[in-house]
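# Results of the structural survey
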Amino acid sequence: MTKRQSGFSGRPSRREFVLAGGAFGTAALAGCLSDEDDGGQAGAGLGGDSGGSNGNNGAEPEDPMLSSDFDPENPDWENTNYLGGLIYENDYVRGSDFDLENMGDRGNTEAVYGTEPPERPDDSSEWIDPDPIVYAELPREDSESAYRDILEPMIETLEAETGRDVEFQTIDSYAAVVEGMRSERIHIANFATGNTPFAVNMAGMIPMAMGVEGDGQFGYRLLAITRADMDEIQSVEDFADHRAVHTEASSNSGHQAPSALFNSEFGLTVGENYNPEMSGGHEQSARGIAYGDYDCGPICSTCIEQTIDAVDDISWDDFKIVWAADPFPPGPIGFRYNLHEEIVEGARETWLNTDWSGTSYGEEAGYPQYVEVDYVNHWQDVMINQEFNEVEYDEENL
């Protein structure tokens, strides 16, 4: 595997602290090899003497870096903290059009880890021209026949745009879809965020498009949180001096991504100068911080949103946010690099120039809109996380 530049500098904090004693790139991995799969039993890790929510016991926070104004386009995490309510009210739980544009404008021309998507052959004799085109997705709760009906508008459009029949297949694992494309048995597929680098490095896949919601929002963020009354915690660097919590070792957003990003951005290295406990899940972490069993930790933004919605005695303003990552991209639609030009152009028309609003495909199978992606920029944070975790792009790790 070709390694590019390392994403880990171990550099010191970029800001001066207002209070003495304080000493992810702007990014985190989304979507993930496995992510919001680390939920546990509600109530685990809760303190018996906490007295419920409102960790500040009614006292006004005295953190001089706490702001009552929030600009989603310029949060200024180096100098400012916010109560969770401001984050939620300003739709900062997921990514926005502004975030998507910034992610695409990072200026990368090479992959920060692994290799770039392969170049398409200029010589048409090197193209493959399958008929039918095989389109694949991982299975869902729907039966394959029901899911085929949901996808029918997309399949009909792809057939019309390419002039070829399209065969739909469900694939039973991430490894199978990567192997299918590598062997040219799968030509276009919907990948997961975390297995996208495997498909690029192992199967000649070119990521083409990712879905966005009707309001332009997408993905989720990694938040670094503490209780609202923890005035002495103003940055992720301060987590090292307090009782920090992660979820579990296999969780991407609960452990793997923050381990990588806290190391690269804030100099915190798990097992060296940073020793978080494990809660067993995002809900346990959120509850434990709110109730005082833990002081701080990373959490998936949509996970804490779900916890707050489900738990009566916890609110967004029980938490202070000291840092947030760029949103994670959802898994892309990608195609085999050596497909015939007519197929590639037809695929681009199907996903990038079609409004799926009001169709079964847009409402039940995915998104009403798809936007173009640039792997080396939009997947930068995914690659950084996988580099830190020493992921090798081979069959053993797929």
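Residues numbered from 1 in each chain as written. Predicted model: local features only at pLDDT ≥ 70, side-chain atom pairs only at ≥ 80, totals over all residues. Heavy atoms only, no water.

From N to C terminus, the chain includes 12 helices and 13 strands. The proportion of buried residues among the 398 residues of the chain is 54%. Total accessible area on the chain is roughly 16100 Å²; 40% of this is exposed by carbon and sulfur atoms. (Helix = DSSP H or I, 4+ residues; strand = E, 2+ residues; numbered from the N terminus. Buried < 20%, exposed > 50% of the residue type's maximum accessible area, 1.4 Å probe, protein only. Areas by Shrake-Rupley, 256 points an atom, 1.4 Å probe, with all protein chains shown as cover.)

For the chain, mean pLDDT is 84; residues scoring 70 or higher make up 83% of the total. Note that pLDDT drops below 50 for residues 1-56; the model gives that stretch 173 contacts with residues more than four away or on any other chain. (pLDDT = per-residue confidence, 0-100. Contact = heavy atoms within 4.5 Å.)

Another point: the sheet that holds strand 2 (residues 81-83). Pairing within the open sheet is mixed, and its 5 strands lie in the order 1-2-11-7-10. The open sheet has two edge strands with one neighbour each: strand 1 (66-67) and strand 10 (296-300). Here strand 2 runs beside strand 11 (residues 319-324); their pairing, made up of 2 bridges, is antiparallel. Counted as the bridge partner of Leu83 is Lys320 from strand 11. With respect to the sheet, helix 7 (residues 282-291) is in contact with strand 7 (222-227), strand 10 and strand 11, its orientation differing from that of strand 10 by roughly 145°. (Pairing = 2+ DSSP bridges. Axes fitted to C-alpha atoms, helices over the stretch in contact; angles between N-to-C directions.)

Right, let's talk about the packing of aromatic side chains for a bit. A full pass over the atoms with the stated rule returns 21 aromatic pairs. Each member of the aromatic cluster is reached from another via a ring pair, and the members are Phe239, Phe262, Phe266, Tyr274 and Trp323. The ring centre of Tyr92 lies 3.6 Å from the NZ or CZ of Arg221, which sits over that ring. (Phe/Tyr/Trp six-rings, centres within 6.5 Å; stacked < 30°, edge-to-face > 60°. Lys NZ or Arg CZ within 6 Å of the ring centre and 35° of its normal.)

Turning to the nonpolar core, a few remarks are in order. If you look at soluble globular proteins, the nonpolar side chains tend to sit buried side by side. Of all hydrophobic cores here, the largest spans 78 residues; its most connected members are Trp77, Val236, Phe239, Phe262, Ile304, Phe319 and Trp323. Each of domain 1 (82-95 + 220-328) and domain 2 (109-216 + 330-377) accounts for three or more of the residues forming this core. Judged by nonpolar contacts, the second largest core, of 27 residues, contains Leu158, Ile333, Trp356 and Ala365. (Core = buried A, V, L, I, M, F, W, Y, C linked by side-chain atoms within 4.5 Å. Domains from an automatic or database assignment.)

Now for the pattern of salt bridges. All chains considered together, the criterion is met by 16 salt bridges. As a salt-bridge pair, Glu342 and Arg164 come within 2.8 Å of each other at their nearest N and O atoms. With Glu342 in helix 9 (residues 341-352) and Arg164 in the loop between helix 3 (144-162) and strand 4 (166-170), this residue pair connects regions lying 178 residues apart in the sequence. Shared partners join several salt bridges into a network, and the residues in it are Arg106, Asp326 and Asp381. (Salt bridge = Lys/Arg side-chain N within 4 Å of Asp/Glu carboxyl O.)

In this fold, Glu265 is placed in helix 6 (residues 252-266). The spacing of Glu265 and Glu237 is 28 residues in sequence and 9.3 Å in space, taken between C-alpha atoms.

With that out of the way, let us pick up unusual backbone geometry. For residues other than glycine, phi is negative in most cases, and the peptide bonds are mostly trans. Pro132 follows Asp131 through a cis peptide bond whose omega is 15°. Looking at the secondary structure, you find Pro132 in the loop between helix 2 (97-104) and strand 3 (133-137). Within the chain, Asp91 stands out as a residue other than glycine whose phi angle is a positive 55°. Tracing the chain through its elements places Asp91 in the loop between helix 1 (84-89) and helix 2.

Here we take up the side chain of Thr162. In this fold, Thr162 is placed in helix 3. At 2.7 Å, the side chain of Thr162 and the backbone oxygen of Leu158 are in polar contact. (Polar contact = N/O pair within 3.5 Å; in protein donor to acceptor, adjacent residues only side chain to side chain.)

As a further point, take helix 9. Look at helix 9: 16 Å from first C-alpha to last across 12 residues, which is about the 16 Å you get at 1.5 Å a residue. Those residues of helix 9 not exposed but buried are Ile343, Val344, Gly346, Ala347, Thr350, Trp351 and Leu352. (Expected span 1.5 Å × (residues − 1).)

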